[in-house]
Amino acid sequence: MVASPAMPSELAGGMVASPAMPSELASAELIAPRKRPLGFELALVAVVAVAVLVPGIWSYSLVDPWETHYGEVGRMMLQNHDWVHTDWPQEGEGFRSKPVLTFWLMAGGMRALGLAADGGYSGEMVHDARTMIAIRLPFILCAVGGLMLMWWMLARLVSRRLAWLALLVVGSCPFMCLIARQGIPDMPLTACVIGALALFVMAIEDGERPIVPRGTLRLGRRAVVWDARHVVLGLVGAVVIVQAIYDAIYFAQSPQIVVRGRMPPAALWLPLVMVLWLFAINRDGWLILRLPAILIGGIIVAIRNEPMPRRAPGQSLWRHVCDNVLRPWERHALDRHAARAVVFLAIPVATGVGSAAILSLIRPASFVLPALAIAGGVTVIWAWVGIATPGRWPLPSWSDAGAITDRLLAMSPITTMRQLYLLGCYSLLGISVLAKGPPGLAVVGTVGLFHVVLLGRWRALYEGAFELKRGLLVMIATFLPWHIAMYLKDGVRFIDEYLFFHILNRAGAGVDNSPGTFEYYTSQIGHGMWLWAALLPAAVAATILRARTDTREGRVRFHVALWAIAAVAFFSLVQTKFHHYILPAVPALGLLVAFFVDDLWARRDRLHPMFALIGIAIVLLICRDLMHEPERWIEMFVFRYDRPWPGAEPWQVDPSDGLLGLGVAAAIAIAVAATRWRRLGVVCLAAAGLAICVWALQVYMPIAGTHWGMREAVRAYYDQRTIYGEKRVYFGLGELYDDWHDAGDRWRFQTHVPETLQVGQPMTLRLQVNRAEDERMTEQELSLVGTATAIGDHTVEVTLAPGERARLDPLIARGRTAPRGRPPVRIVDADRLIAWQLYWRGENFWSGDEIWGFGPEMKTAFKNTDNVEFTKYINDRTRAPLGRRYFLITEAGRISSARASLPTERARTSYEVLDTTSNKFSIAAFWL
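Account for the confidence of the model for the chain, naming residues and giving values.
Per-residue pLDDT for the chain has a mean of 88; in total, 89% of the residues score no lower than 70. Overall, residues 1–33 carries pLDDT values under 50, and its contacts beyond four positions in sequence, including any with other chains, amount to 15 contacts.

Printed below as a string of structure tokens:
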């Protein structure tokens, strides 16, 4: 059969056409095959990332000092039942150096795994591997979330192949995968930066699609159509609403705030302001937020007797108020007139201020006031001319300022995916501020600024395409409430330490003796990316050639390059430099490499022999560095860089063979990629990169983590100590009544059960009652004797001797109506742990702060090297009674010298070192 002109040729062949077919086929359109949905592959991304990052996080100690330092702040949140105030217990130091997200993640992880209820029982932190999982898993999930958003953006905008290559390159960088398993703020910050920039690129490349219904949800008899707005606004709003609810409860229960005066309770105004900020992203909410200024506009409307629209039939009261009342008033709102004046005077004022600044520089200081007067005169003349000569003034006139103000104060409805992507971007930026302050906002903001300037998007910026108003509202509602709450609790001290010292001084002046100039991070990027750093020169060259703005793939690559430039420049300019600060730039650099590797696979490009030789040289040089100084990887996320690798006796850990093998494999992979077998070379690169990642996670870190943590040393104390009973400190007899009014002769307390504890062992319950109104004053002390009659996994049951329980009856009778103070303090009466000349933070966390607890006998942390406080303690029989064993933990190099500081011959002769698992920390014991 010969196909009819009206019939597609592929439909012809063996068919007998009816008379109606030609006209029907003439109107038909070929439909492109539908793309495979991304949902399944996105879930697979999560599975792959979790499968690589999670296994083994429980196999080595938390790394000192940061994981344990931050972990103790999170544990204190649970102990104090306070999810707002960040606290470090020792010496009333407090904690104001980091925002709160890290501690929310850690505290939430501990509670999710059933740990640290009320701060945890004695020895719970070393009891099992759940502690490491609880601290690290939330940060891994942050990394997985960031990688998923990155993959999704690349799969949507470029190709799934590139997305998988990007996941491989970025996820397998030692810098990225090692820090993903660390409980430090840098991973949540980096994940938020990845997600925010992925959503930003989605907004500018794929954002003009209208929002379409996704499904129907039945609520009783009513069917509600839902779409992407409900999902995005629900997630964005949940971050704010949860905080608002908690703050309302928090300040209602704890109204004692630092800032006092004639102001409403914080439990009322703070949550209300948060909800208003969030609601203001809606057009009606924007009017409600500006209501005080709009009410003044209503007064002006009444004075001018302007007609007001009447309520239309069927119009709801809310729509009538918003559309027929508030919007006419809004045209005369006070903030509108103020904004118009600011817009009109912006250029004249800037000119006047600039003139004053220039004149004050070229004249003596005494000329500053005349210069300011001249500048003020220039401003007034300029403004008068602009008003008096409308239409002929080259700069914005008064009417032009009105049009600009209309644009500034307008709030358009949410109708496109671009707006939702940007809302998600701004929400992640707000969360990034809660993670680590301004760096994420600075990096993403710089990328956005470059985007506008270099691509000439000024008109889009003016027309509100970037949703800056909504973005500012979302970010403020997300991160500012916690800062306000901390100020209300800590007062000016929080502002001084957090804002001025830890943010402004770190950025502008530098703190903590962290050296480094602009090239500081080159070695960190090299060691942290290794194989992929070796391909960076070729990737940067390819980016320069291929980052075009006339194709979507070119624009995506262009924005990744902006991200890399902005991140590296920002952290290089910040004066305080630590190795891990550069982490937000690593995903961008990895993406540049992924683009290049994708070019190799698609045969769009080749690895020039010159770049191959450079790459092989970089790989082998980094391999040499790591073989001679393997601590460089773990130093990517520790504070002190002078701690030695365990290369001496008795440890002699030598990972050089593994590093050499990985280095040779990486060099061979680069060489193969430079041949005509490019795809085989890409496979070799992928295998080498994944091997480096798995070796770093499963071989290197279990070795290094053991020597940069003190879990094993502290666990030796809890395994070998002797328990004598329990002490409880009540604040008011009412608390004693609550514990004992329905208790019999059997009493249970929780503790890590030592190897020495046996059934039948004598036990003493010491009860101390302090005043509810003054916790420092002791009213009653009582000791009840008994024996251990049952031992559980982490419980000890004590049966009191006959007649002992009856001694409490008079106190219980008085306590029925007695006042109650703070929650009781529970102290396991056992051999004490002493932190001697040690201040690494881990000793606080692993001991559950039993070395700096409430009772004077628990204050056994002596960091000073003069031994004055240690000597006072060891000679004070009320705090250090004779006949007991004492455990002493310190740095490994000092463990032998501690013997000479002991006061008695028995202590010196009984002194023995118990654990030397780590080359950093050791524990010993002695008898008094």
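Lay out the sheet that holds strand β8 (residues 825–830) with the relevant residues and their values.
Sheet strands associate in pairs through backbone hydrogen bonding, adopting either a parallel or an antiparallel arrangement. If you walk across this open sheet you meet the six strands as β4-β7-β6-β5-β3-β8, and the pairing is mixed. Every other strand in the sheet has two partners, leaving β4 (746–750) and β8 as the edge strands with one partner each. Within the sheet, the average angular offset between the axes of one strand and its neighbour, ignoring direction, is 30°. As paired strands, strand β5 (residues 762–770) and strand β6 (residues 778–791) are joined by nine bridges and run antiparallel to one another. Of the residues in β6, the one forming a bridge with glutamine 768 is glutamate 781.

So, the packing of aromatic side chains: which residues are in play, and what are the values?
For the structure shown, the criterion picks out 34 aromatic pairs. When the centroid spacing of 4.7 Å and the interplanar angle of 65° are considered together, the rings of tyrosine 717 and tyrosine 718 count as edge-to-face. Given the relative accessible area of 1%, tyrosine 717 is considered buried. Owing to a relative accessible area of 0%, tyrosine 718 belongs among the buried residues under this scheme. An aromatic cluster is defined as three or more aromatic residues linked by ring pairs; in this entry it consists of Trp66, Tyr70, Phe95, Phe103, Phe578, Tyr581 and Phe639. Stacked on the ring of tryptophan 88, the Lys or Arg arginine 841 has its end atom at 6.0 Å from the ring centre.

I'd like a description of the side chain of serine 172, backed by residues and values.
Here serine 172 lies in helix α6 (residues 160–172). Assessed through its relative accessible area of 3%, serine 172 is described here as buried. Of the polar contacts made by the side chain of serine 172, one reaches the backbone oxygen of leucine 168; its length is 2.5 Å. At 3.0 Å, the side chain of serine 172 and the side chain of tryptophan 532 are in polar contact. Once residues lying within four places of it in the same chain are set aside, the contact partners of serine 172 are Leu167, Cys177, Trp532, Gly689, Leu690 and Cys693.

How would you sum up the packing of helix α18 (residues 439–455) against helix α25 (residues 552–573)? Please name residues and give values.
Running from N to C, α18 and α25 point in directions that differ by 130°, and their axes come no closer than 9 Å. If you check the angle between α18 and α25, you find them oblique. As for how α18 packs across α25, the hand of that crossing is right-handed. Counted together, Pro439, Ala442, Val443, Thr446, Val447, Phe450, His451, Leu454 and Leu455 of α18 and Phe558, His559, Leu562, Trp563, Ala566, Ala567, Phe570 and Phe571 of α25 form the full contact between these two elements. The class makeup of the residues in the contact of α18 with α25 is 14 nonpolar, three polar and no charged.

Quick rundown of helix α4 (residues 101–112)? Include the residues and the values.
Its twelve residues give α4 an end-to-end C-alpha distance of 16 Å, which sits within 8% of 16 Å, the value for a rise of 1.5 Å per residue. Looking at the buried residues of α4, the elements they touch are α3 (66–80), α5 (130–157), α8 (186–206) and α17 (417–436). Glycine 114 sits one or two residues past α4 and shows a positive phi near 75°.

Let's hear about a nonpolar patch on the surface: which residues, and what values?
Together, Leu449, Val453, Leu454, Trp458, Leu461 and Leu468 give the surface a local cluster of nonpolar side chains, amounting to about 570 Å² of exposed area. Going through the elements one at a time, α18 and α19 (458–462) are the ones with two or more residues in the nonpolar patch. Along the polypeptide, valine 453 turns up in helix α18. A relative accessible area of 40% means that valine 453 is categorised as partly exposed.

Which residues make up the side chain of glutamine 768, and what values do they have?
Note on placement: glutamine 768 falls in strand β5. The exposure class assigned to glutamine 768 is buried, which follows from its relative accessible area of 10%. In this structure the side chain of glutamine 768 is engaged in a polar contact, spanning 3.4 Å, whose partner is the side chain of threonine 778. Ignoring sequence-local partners within four residues, the contact set of glutamine 768 consists of Lys727, Arg728, Val729, Tyr730, Thr778, Gln780 and Glu781.

Mind laying out the pairing of strand β12 (residues 912–915), listing which residues take part and the relevant values?
If a strand is regular, its side chains alternate between the two faces of the sheet. The pairing of β12 with strand β13 (residues 921–927) spans three bridges and is antiparallel. Directly across from aspartate 915, in β13, lies its bridge partner isoleucine 923. Connecting β12 to the antiparallel partner β13 that follows it, the hairpin turn spans five residues.

Kindly report on the pairing of strand β3 (residues 723–731), identifying the contributing residues and their values.
Burial of β3 is extensive: eight of the nine residues sit out of reach of the surface. When β3 meets β8, the two strands line up antiparallel, connected through six bridges. For isoleucine 723, the partnering residue across the bridge sits in β8 and is alanine 830. Both β3 and β5 contribute to a ladder of seven bridges, which runs parallel. From the neighbouring strand, tyrosine 730 faces β5, where its bridge partner is valine 769.

Account for the pattern of salt bridges, naming residues and giving values.
Overall, the coordinates contain 56 salt bridges when judged by the stated rule. The partner of arginine 552 in a salt bridge is glutamate 205, with the nearest N and O atoms 3.8 Å apart. Of this pair, arginine 552 sits in helix α25 while glutamate 205 sits in helix α8, and the two are 347 residues apart along the sequence. A residue is classified by how much of its surface remains accessible, and arginine 552, at 30% relative accessible area, is partly exposed. A salt bridge links arginine 604 to aspartate 599, with the nearest nitrogen and oxygen atoms 2.8 Å apart. Taking the relative accessible area as the measure of exposure, arginine 604 reaches 38% and is therefore partly exposed. In the salt-bridge network here, residues are joined through shared partners; they are Arg161, Arg546, Glu553, Arg557, Asp598, Asp599, Arg604 and Asp605.

How would you summarise unusual backbone geometry if you had to cite specific residues and measurements?
Here the amide bond leading from aspartate 64 into proline 65 is cis, since omega sits at 0°, within 30 degrees of zero. Relative to the assigned elements, proline 65 resides in the loop between α2 (39–53) and α3. Of the consecutive residues glutamate 649 and proline 650, the connecting peptide bond is found in the cis state with omega at 0°. With phi around 50°, glutamate 467 is a residue other than glycine that occupies positive phi space. By secondary structure assignment, the location of glutamate 467 is in the loop between α19 and α20 (468–490).

Just give me the short version of the sheet that holds β12, but keep the residues and values in it.
Spatially, β10-β9-β11-β13-β12 is the arrangement adopted by the five strands of the open sheet, whose pairing is mixed. On the outer flanks of this sheet lie β10 (861–862) and β12, each paired with one strand and no other. In terms of strand pairing, strand β11 (residues 885–891) meets β13 through seven bridges, oriented antiparallel. Bridged to tyrosine 886 within β13 is phenylalanine 926. Of the strands in this sheet, β9 (833–836), β11, β12 and β13 are in contact with helix α31 (residues 711–720), which crosses β11 at around 180°.

Calculation criteria
- Residues numbered from 1 in each chain as written.
- Predicted model: local features only at pLDDT ≥ 70, side-chain atom pairs only at ≥ 80, totals over all residues.
- Heavy atoms only, no water.
- pLDDT = per-residue confidence, 0-100.
- Contact = heavy atoms within 4.5 Å.
- Pairing = 2+ DSSP bridges.
- Helix = DSSP H or I, 4+ residues; strand = E, 2+ residues; numbered from the N terminus.
- Axes fitted to C-alpha atoms, helices over the stretch in contact; angles between N-to-C directions.
- Phe/Tyr/Trp six-rings, centres within 6.5 Å; stacked < 30°, edge-to-face > 60°.
- Buried < 20%, exposed > 50% of the residue type's maximum accessible area, 1.4 Å probe, protein only.
- Lys NZ or Arg CZ within 6 Å of the ring centre and 35° of its normal.
- Polar contact = N/O pair within 3.5 Å; in protein donor to acceptor, adjacent residues only side chain to side chain.
- Parallel < 35°, antiparallel > 145°, perpendicular 65-115°, else oblique.
- Left-handed = near helix turned anticlockwise from the far one by under 90°.
- Nonpolar A, V, L, I, M, F, W, Y, C, P; charged D, E, K, R; others polar.
- Expected span 1.5 Å × (residues − 1).
- Patch = residues over 30% accessible without salt bridge, like charges linked within 9 Å, V, L, I, M, F, W, Y side chains within 5 Å.
- Areas by Shrake-Rupley, 256 points an atom, 1.4 Å probe, with all protein chains shown as cover.
- Salt bridge = Lys/Arg side-chain N within 4 Å of Asp/Glu carboxyl O.

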